[in-house]
Every structure is written in structure tokens, then in C-alpha cells.
Amino acid sequence: MAEEESVKVAVRVRPFNKREKARNSTLIVEMKGATTVLNDPSGENDPKRFTFDYSYWSHDSFKEEASGYLAPAKPHYADQNMVFKDVGMGVLANAWEGYNCSLFAYGQTGSGKSWSIVGYGPNKGIVPLFCDKLFVQIGEKTAGGETASFEVEFSMLEIYNEQVRDLLNPASKRKGGLKVRQHPKLGFYADGLKTVAVSSYQDIENRMEEGTKNRTVAATNMNATSSRAHTIVGIKFTQKYQNAAGEETAKSSVINLVDLAGSERAESTGATGDRLKEGAAINQSLSSLGNVISALVDKANGKKVRVPYRDSTLTKLLKNALGGNSKTIMIAAISPADINYDETLSTLRYADRAKQIKTKVAVNEDPTEKLIRELQEENEKLKKLLESGGIPTKLDDDSDDEDEEDVKSLSKDERERIRKEMEEEMQARILASQQEMEEMKKTWEEKMKQSHESGPVVPDAGAARKEKETTPHLYNLNVDPQLTGMIVHLLKPGEHLVGSSNEESGETPCILLKGLNIQPHHAALIVEGGKVYLDRCQTSPDAKIMVNGQPLTEKEELDHNDRILFGANHLYIFADPKQAGGKKSPAMTYEEAQAEINQNSGFVVGKPDSLGGSSLDELILQDDLVEVLPAIEQANTMSEEMDKKVKFEVAIIPAKKMGIVGSETEPPQRRPPEVLSTNRVMVKMRNVELGLEYLWTKAKFMNRKYLMDEMYESFSDGEDINWPDERDPFTEPPDHEEMIGALHIYLESIAYKIEAKEQLDLTNIKGIEVGKLNVELWPCTQTGKVLRDEDAFVDDPETDLKGQPIAFKVKILNARGLPDRFVDIYCKFKVYTMEPYQTQVIKKAINPDFKFEQLISFNAVDKLELDYLLNGSIFVQLFGKQVPKKREGKKLNTKQIMKKEGMLKGKDIGAENVPKHTVDEGKVGYQFQVLTLKKRLERLEKKMAQMNRVVDVAEKSSKMRVKTDTIKTVLRAKNPDAIEKAIKTIPKDKGAGDNEGVNGQPQSQESAACTLL
Ligand SMILES: Nc1ncnc2c1ncn2[C@@H]1O[C@H](COP(=O)(O)OP(=O)(O)OP(=O)(O)O)[C@@H](O)[C@H]1O
Ligand SMILES: [Mg+2]
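Residues numbered from 1 in each chain as written. Chains lettered and ligands numbered in written order. Predicted model: local features only at pLDDT ≥ 70, side-chain atom pairs only at ≥ 80, totals over all residues. Heavy atoms only, no water.

Moving on, we come to helix α16 (residues 590-600). Of all 11 residues in α16, 8 are buried; the element is thus mostly enclosed. Residues of α16 that are buried include every one of Tyr590, Glu592, Ala593, Gln594, Ala595, Glu596, Ile597 and Asn598, and no others. (Buried < 20%, exposed > 50% of the residue type's maximum accessible area, 1.4 Å probe, protein only. Helix = DSSP H or I, 4+ residues; strand = E, 2+ residues; numbered from the N terminus.)

Here is the structure:
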């Protein structure tokens, strides 16, 4: 009978990594008993609390043993054994009872999923410990006289970009990967997945190694980002015995151990604002998983909802684990660092939802005969259906699933198509049932024999490992530490050719590499006299080879821990046990080696070999470059090979300019505020044929790169890559708007009611001048009447403007000298907190006349507004669309165009040329300040002249004193008439006396008067 059971959730926090330590990251996670508290580093939000079934503190309080195992130094540290004892042993106990079990790890990239599920070196994770223990227990049962027989089968697959790859059988790589099918009895399955019988832990370890190696090779060759792949290890454990009635009975458990892809949210993986995001299947599986979990939670809460398992490959294969017959555990892996607050919060929320899910578990225990009979019956049914030729309206009898299409409403062609698909599906089911029946009938010995015949790819992993200890070798570096060191090339005496397979000559080099930029004769490794040399091959003088970040120029002797890059993405470390002399000197990590390459390509950002030495912003910039530069290099190579006429360049943009990129700006990330004031990495995409340029955020580029890889894979498979523009990652739609330039109009003059007429430099995002904009600011009345200078009286804005209304006109007259590739030009600007204003769109012009004016008014200026007027600015952006340039003459391919432009490969990862004419940010501000000061000075001079007249008139009429009122009027009069009138009153002032004043004492008491000296 099925019982309901909740999904169990564990949370685990890892130590700070090297970078986080170098950045002095703050720890934002606390664990108290079953409660996990997440603190917001910005202090904006209250601490968030969560409770889970298990909480594992693996952040600190551990010590590294000689073996490298991280053991507890204090009791609250959760080591691998502790996690296994709770989680792994639970799964094992359930497997013995005949329950299906699933364990999956969720969390952002680098949060420790693989650490928990697979483990690293001596810190073995749940999978190896589980397998080890399983065989130990089998051994104990058998030794204890147990008569049942035990069978363990193993499979390993990867879902990348929605395609299923069989990691134990890479040769089976088919277009589109293995098909995921559904069977009424067997559920969803990957059709044709290799399952091998294993009889010992060593067997499994070898298989795992083989699978991981295949993953690494595939990832490197396709320059795929492995952290975007989901890995599923499947273990089927069957106990066979005779039941009380003497029937042969099978108690079986299917165990799925799932290492999910990193859970970066859609925004930060970059598709925000990119029209291609729909096409990218990067996170389709993960977002579907989220949707399935939500639906299951709703269901658990009594709502009637459809569970969208069919939306992705992952959710199909995990259907049982999530909503079917499976005891399921999820490990939420989290980073301890402040910088990851958003991601960690999202992981914890995800986990919090998952724990509400309930599955229906039942023991799988049936007589073999019964199982076979059921499968046979199923097949009979299917065969009949096939013979009758009718299309079933629904292949799926699961109420959870979406409705199948309404057959009646379909066109004839569609019906035919569906009929064909169904037929294929039914035939596949019949075959699957037959295979399953055959498997059941096979004895264990037969299965083992078969597995051995199919042979592990690593014939003797143990011996190979031993040899590595004494023989010089190369091992790979991968961005995923889990895949680092998986490929090893032993270097025995003699010459070893490195290269791609040569289709013409049919020759296969000793070290076979595939992928971008790899030549058939790429390089040679020569081992002689106990030394190892690296050399170029004469036939490929252009082959890209780097040693320790420097291009290889001549035959070079290799030293222990040298870094070697072949082509665009095959990165290796040379290890020579003799040179190492038994000492373990740590080699560079992937990030460090990549930073070294970047540094030598002109990106001197911090010190790659001592991550601790640089400032926080340099480190972040370096991280971004480590990610982006190799990807740019690969993208350029792909563009050349597929002739996409596109060239990518890195652009380092001051972060404060980021806000002006428009809608495709990366979301503000929770980075320390000081970081926001520094530089960001962006990518310039240039269509070299049409002369179009676009600036992409790093995230958008990385997302596009993923699609480029996909396109390149099709291209390598010889498929047609004439994809429509809307799917092509190398294009931007023709109506895509770019920001041509921007500028600030400072308002200080307005605060003094002084008009400003300026020709301002328009600068692009890199601070390079791209044209001029003629703008004017006119102080005016609330109704828009322009104030004459004499009418405007502001001496001290603090006192004169506060509480007063103020109004002015913003005029954008025209732009001059813009780049000629733009059309449909317009300006957009924003004043204070008001909605943005926009000028008319000028169709075609290098010198567009906007003739735009807008009245802006403030009713009663408050402190903030005053501050805005005195120190703030209006930010104007100029947008336009680019028109493709018509190229004259012969059509060139990408490579030829690049050559012509003097951008030969090899040089191309360098930064853009340093701009010739950059505009000083501060200059525009000064421009306005000077203007305002000049005007104020003029005003003061005018006033001084009036005051001189006052003195003259007073002297001429022999007056000793002038009334304060008169002086006030002269100084502050709003118009010249009032001044004239006031001056005329001086000679008539009786109380001012002539020269009788004694000691400056006023004779008259009429008013507090000013005495003329
Ligand atoms: N509990 C831990 N103790 C010590 N080191 C850890 C722990 N968890 C993770 N690490 C280290 O952190 C790094 C990233 O961990 P891991 O490879 O498990 O991340 P991941 O979540 O699998 O990332 P991805 O999504 O990229 O596959 C590794 O170098 C690993 O050794
Ligand atoms: Mg991983």
C-alpha cells in the first residue's frame, strides 16, 4: 500500500572559498539547532529564518587530516561522514526495504552540491559512500547465510541543454541525445541508456570515473559550461528470493542521485531583455523543476493543479522522485558569503517549498512472474492498438499530466504527424517491455558477463593511477573543479603528437583534442633523457599554444606545474613526479591559470598568483575577466569558422555608466557599495561586414555564448546552421536601439535664474566623444514666460528660492557630428523624479534638429529640490538604430574581413584601442559652473555700478546718508525703472542732512540709514 511521505530537506553551508576569503567576505549564515538564519548584509531586510529536517554546518571548526580529509575540530562541524550517516544511510535502509529513493542537491554554482553528492578526493560524498556501504552490507548478508541474491546495476547520464547524454556510452551520442519516453509500467526513461551490472564498490568507482571522464571530454570539446548540466547517477538494487509460495520474487529499489546544475536565477544568468532568452534552454530544466515543485506544493495543500512534468527533460526523469513512488531528500547547498545573499535566499526559499511536497511511497516487491505477465499484457494491448491503426487520444493515463491535444480539432497533416509519433512511441514501448522482460529472465551471471564484455573504458583505473605517480603527465584543468584532473595523458619516452583527428589522412594523434582552434598537427611533446619538451609542429606554425600564459615561440623544456593551453580551451597542467620529488606543491587552479593568460594579454588586474593582494574591485573584475575572456576568444573562433561576420571585444566600463546602458542593464547585484563605483566587464559585439556595433552586458554575452556553443555543435555535426535571425545568437534585430551617447546638463545656473546656452560633448559609454548636443536652459515664470535677466533676482539660492516656485525651459535644439551609421535618432531625459521626456524621432540625419522644448516647474522649492538644482543635473541620452553599411566589392568571409582590418587572430583578446578623445566627466560640470559664475559676476558688476551712481547722486546733492530702503531697492530691484525711481529720491531726502554730521552720528532719527564715508 502506498503511504504519503514528505520530502526531507537538508541544508549545508560550505567554508569560504579562496576568493571570498581574499575579499574579506562577511559570514551571513547562522545555524541554531534546526533553524538556519540568513542575515541581509545591506541591513535592509530582517534576518530570514528557515527550519529544515537537517542542518549541516560545514563552514568552519574543522581540521584537515594528513590524508586531506576534513574532520571536525568542534562537534558542530558536519563532515562528510556525518552527512552520510543521516542522509545516505537513510537512503540505504530504504533501498533494502524496496523503496525507490532520490537524493538531489540544489544550489548556486560553487555552493557545494558536488561536494555533498560526489565529494572530492578523500572527502568522499554520498554516492561513493553509499555504494561502498551497499556492497559491505551485501557481503555481510551473504556471509550471514542469506540465500537471496543481490543485483546492483549502475547508469549515469547528463542533461545538458535539454539533451540526455549517456555518460557510460559516449559513442552512442545521437543527434538530440537519448529520447526520453514514457512507459505505463516503467515511467519516464531515457531510451537506450546503458545500464551495467556491478559487483563491487571498485566496479562502481571505475564506472563513475569513466562517466566523469566522458563528461569532461564532452565539456571540453564542446567548450560547454559543465555547471549548466545536471548529472543523474542511477542505481538499481534488486533482491531476489523465493517467497512463501515458492515464487521467485524481486524486491527492487531504484535510487537516483542527482547533482543539479547551478541555480543562477534567470536575471543573473543574463537573458534579461534579450530577445533570444526564449530560445535558450539553459535553465529550462531548472525553472521547470521550480514550477513542478510549486504545483506539487499546491497539490499537497489540496489544490487541484496540473503538474507540468512534461515541460523539461529533467522533470520527466525526476517525475517519480518528485511526485511518484520515491522517498526523496533534497540537499540545499549554500554559500556563506555576503556577496551571495540573493542566491542563498532563493535557494533557502526553494528548499522551504520543497519540504511541503508529499510523495506516495510503496515497496516494490512482486513475484517476477507477475511482473513479466503485466508487461506482456501491456504489450498485447499496445500491439492491438497498433494493428487497429487508431490514434490514441491519450498515451498517458496519469491524471497529473497535461491534456493531450484535442485530436479532432487537428488538421489532416497534423493528425498524420501525431499518428506517426504515437506509432513510434508505441513501438518503443513494446521494445522496452520486451527488453525489461528479457532482463528479468536473465540470470545475474549473464548480466555480469554482458557488462564485462561491453568493457569499462578505464580498463584498470587503479594501475593507471599508480603509473601517474611515477610518469610525467598532463592533466586537464576545468572551470568545474569536479572535472579537473579527469583527463590524464601519460608521457612515456618518445614523441607525442597533439592534435585533432585528420579526416584526410585518417591519422589519429597520440593526444587527441577536438574543438575550437585545434589543428591536426597542433603541437608535439617530446620525452627524452628524462626531460619533457613542448614544440610547435612545422605544418601548423599558427597553432595556438601557450605556456604559462605566454605564446610558445620555440621548443621549450617543461617544468613541473607549468600551464599549457592548446587552442581556445584545452587547458592542462604538466606534472613531473620526479621534479616534484614527492612533495605536493599545489598547481594553479583553473581561475588562476586563466587569470595568468588574461594578464599576459594585457589585462593586468591584480595578481593572479596571490589572490589576496588585490583590492576588492580588482578581484571582482578579474573574476569576470576569467569568465569572459576565454568565452570571447571561443566566440570569435566560432564566428570565423561558421563565417558569422561578428567579432567580439571586451569593454571595461565604469560601473557608474552602467545605468545608462538601458533596459539590458544587469540587475543591481548585492555587491558591496564600493564595488559599484568601479569597473564592469561588458562585451562589444561588432558585425564586421555591416559595420554595426552593440554593447552587451556580460550576462547577455554569456547567455548568447551558450547558444553559440549549441549552434557550433550543430555545425560540427554537419547540420544546416542557417537559423532564422530570431534564433541566431550572432545577430541583433535591425530595430534594436543603441544608446549613441549621453550627457549631463547641470542646473546650477537655474538656481540663480541665469540662462545657459551650451554646446555639450556627447559621450558614449566609454567616455569617448561621439558628437555635440546644443542645449539651452531658460529661467521663466510658471506659465512659461522667459524671465529677462533684470527680472531674475537670486543672490543666495538658499534664502531666495526656498519655498518659492521656480520654473525653467529645457531646450534641446540639435545634435551635431553624430556617427553616420545611426538613423531614427531621439533624446530622452529625466528631470528630478519626473517621468522621462522624449524628443521627436528624427528619421535620417547626422545632424538632427530636435527643436524640442519643455517647461519644468517646481511649485515651492524644498530642501531636496534646492539641492538638486544647485548640484544636480538632467541626464540626457541619445538613442538611435544602426543601419547596415553597404560593402563594396568582393564578398569576404569573416576571416578575410578580420585580416583586412588588421585584427589577426591571437591578438584579438586584447582590449580595445585606448580612446583618442575621451571627455572629462568633470568638464561639463565646470562648464556650467563657470557660466553661472560669469553671469553672477556680471550681475554684481551691474549692481556695483548702480551703487556708484547712488554715491555720486548723494555726493552731488551733499547728502551724508542714504536710506536703507533706497539701497535695498537699488540692490534688489526687479527692474531698472524701480532703481531709477529710488535714486531720484536721494536728493529729496530731507533727513539725510548735508555735511553737519558729527562723528558719523545721524542727525535724523527717521530711519536706520547708511552713512556715506
Ligand atoms: N563542505 C565543504 N567543505 C570544503 N570545501 C567545499 C565544501 N563544499 C564545497 N567545497 C569546495 O567548493 C568548491 C565548489 O564546490 P562544488 O564543486 O561542490 O560546487 P557545486 O555546487 O557542485 O558547483 P557547480 O554548480 O558549479 O557544479 C569546490 O572547490 C569544493 O571543493
Ligand atoms: Mg558541481
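Around ligand 1 there are 17 residues in total, and Gly110, Lys113, Ser114, Trp115 and Tyr120 lie nearest to it. Contact distances for ligand 1 include 3.0 Å between an oxygen atom and a backbone N or O atom of glycine 112. At 2.7 Å from an oxygen atom of ligand 1 is found a side-chain nitrogen or oxygen belonging to serine 114. Take the shell around ligand 1: its biggest share by element is 3 residues, from helix α3 (residues 113-117). Split into classes, the residues belonging to the shell around ligand 1 amount to 5 nonpolar, 9 polar and 3 charged. (Near = heavy atom within 4 Å. Polar contact = N/O pair within 3.5 Å; in protein donor to acceptor, adjacent residues only side chain to side chain. Nonpolar A, V, L, I, M, F, W, Y, C, P; charged D, E, K, R; others polar.)

A few words now on the packing of aromatic side chains. All told, the structure shown has 19 aromatic pairs when counted by the stated rule. Each ring, one from phenylalanine 648 and one from phenylalanine 730, has its centre 6.2 Å from the other, and the planes form 50 degrees; the classification is tilted. In this pair, phenylalanine 648 is assigned in strand β33 (residues 646-654) and phenylalanine 730 in the loop between α20 (698-716) and β36 (737-746), connecting sequence segments 82 residues apart. In terms of burial, phenylalanine 648 and phenylalanine 730 fall into one category: buried. Relative to phenylalanine 852, the ring of phenylalanine 829 has its centre 5.7 Å away and its plane inclined at 80 degrees; by these criteria the two rings are edge-to-face. Of this pair, phenylalanine 829 sits in strand β40 (residues 822-830) while phenylalanine 852 sits in strand β42 (residues 849-858), and the two are 23 residues apart along the sequence. Looking at phenylalanine 829, the relative accessible area reads 1%, which means it is buried. Here the aromatic cluster, defined as three or more aromatic residues joined through ring pairs, consists of Phe648, Trp696, Phe701 and Phe730. Sitting over the ring of tryptophan 96, lysine 141 keeps its end group 4.5 Å from the ring centre. (Phe/Tyr/Trp six-rings, centres within 6.5 Å; stacked < 30°, edge-to-face > 60°. Lys NZ or Arg CZ within 6 Å of the ring centre and 35° of its normal.)

A separate point is the side chain of threonine 328. Residue position: threonine 328 is located in strand β19 (residues 327-334). Setting aside its immediate chain neighbours within four residues, threonine 328 contacts Ser6, Val7, Lys8, Ser102, Phe104, Ala321 and Thr359. (Contact = heavy atoms within 4.5 Å.)

Here, UniProt's "coiled-coil region" (unreviewed entry) annotation points to residues 930-957. Between the end C-alpha atoms of residues 930-957 the distance is 40 Å, and the span holds 96% helix and 0% strand. (UniProt positions renumbered as here; feature names shortened; annotations may be inferred.)

Counting 45 residues, the largest nonpolar core has Ile232, Leu260, Leu289, Leu318, Leu322 and Met330 as its most contacted members. Counting residues per element, this core draws most heavily on helix α7 (residues 284-300), which supplies 7 residues. Aside from chain neighbours lying at most four places away, what touches leucine 289 is Phe104, Leu260, Leu314, Thr315, Leu318, Leu322 and Tyr350. (Core = buried A, V, L, I, M, F, W, Y, C linked by side-chain atoms within 4.5 Å.)

With that settled, the discussion passes to the sheet that holds strand β26 (residues 523-528). With mixed pairing, the 5 strands of this open sheet are ordered in space as β25-β24-β26-β27-β30. Two strands lie at the open edges of the sheet, namely β25 (511-512) and β30 (556-557), each paired on one side alone. Judged from the 5 bridges that link them, strand β24 (residues 494-499) and β26 form a sheet pairing that is antiparallel. In the strand pairing of β26, valine 498 is matched with alanine 523. (Pairing = 2+ DSSP bridges.)

As recorded in UniProt, the sites labelled "binding site: ATP" (unreviewed entry) are Gly107, Gln108, Thr109, Gly110, Ser111, Gly112, Lys113 and Ser114. Of note, threonine 109 is situated in the loop between β9 (101-106) and α3. Threonine 109 sits in the partly exposed class, given a relative accessible area of 36%. Structurally, the position occupied by serine 111 is in the loop between β9 and α3. Owing to a relative accessible area of 1%, serine 111 belongs among the buried residues under this scheme. With residues near it in sequence (within four places) discarded, serine 111 still touches Arg14, Ala333, Ile334 and Ser335. At 2.6 Å, the side chain of serine 111 and the backbone oxygen of glutamine 108 are in polar contact.

Below, the discussion takes up the sheet that holds strand β32 (residues 570-575). Spatial strand order, β23-β22-β32-β31-β28-β29: 6 strands in an open sheet with antiparallel pairing. Of all strands in the sheet, those with a lone pairing partner are β23 (488-490) and β29 (550-551), marking the two edges. Sheet topology places strand β31 (residues 563-566) next to β32; 4 bridges connect them, and they run antiparallel. The residue of β32 that forms the bridge with phenylalanine 566 is histidine 570. Where α16 meets the sheet, its contacts fall on β28 (545-547), β29, β31 and β32, and the angle it forms with β32 comes to roughly 110 degrees. (Axes fitted to C-alpha atoms, helices over the stretch in contact; angles between N-to-C directions.)

Glancing now at the pairing of strand β27 (residues 531-536). Here 6 bridges tie β26 to β27, and the two strands are oriented antiparallel to one another. Paired with valine 527 across the bridge in β27 is valine 532. If you look at the hairpin formed by β26 and β27, you'll find 2 residues sitting between the two strands, and glycine 529 has a positive phi there, around 55 degrees. Looking at chain direction, β27 and β30 are connected through 2 bridges and run antiparallel.

Two elements in contact, helix α2 (residues 80-97) and helix α4 (residues 126-143), have axes separated by 9 Å at closest approach and are oriented at 50 degrees. Comparing the axis directions of α2 and α4 gives the class oblique. For the element pair α2 and α4, the recorded crossing hand is right-handed. Contacts between α2 and α4 pair Gln80, Asn81, Val83, Phe84, Val87, Gly88, Met89, Val91, Leu92 and Trp96 from the former with Ile126, Leu129, Phe130, Lys133, Leu134, Gln137, Ile138 and Lys141 from the latter. (Parallel < 35°, antiparallel > 145°, perpendicular 65-115°, else oblique. Left-handed = near helix turned anticlockwise from the far one by under 90°.)

Glancing now at the environment of glycine 176. In this structure, glycine 176 sits in the loop between β13 (163-166) and β14 (180-183). Overall, glycine 176 belongs to the partly exposed group, its relative accessible area being 40%. Between the alpha carbons of glycine 176 and asparagine 161 there is a distance of 9.6 Å; along the sequence they are 15 residues apart.

Per the counting criterion, the structure on display carries 38 salt bridges. In this structure, arginine 563 and glutamate 596 form a salt bridge, with 2.6 Å as the shortest nitrogen-oxygen distance. With arginine 563 in strand β31 and glutamate 596 in helix α16, this pair connects stretches of sequence that are 33 residues apart. Of the two residues examined, arginine 563 and glutamate 596, each falls in the buried class. One salt bridge in this structure joins lysine 698 and aspartate 624, with 3.2 Å as the shortest N-O distance. Here aspartate 624 lies in helix α17 (residues 616-642) and lysine 698 lies in helix α20, a separation of 74 residues in the sequence. Its relative accessible area of 7% is what places aspartate 624 among the buried residues. Residues joined in a network through salt bridges with shared partners are Glu649, Lys684, Arg686, Glu693 and Arg821. (Salt bridge = Lys/Arg side-chain N within 4 Å of Asp/Glu carboxyl O.)

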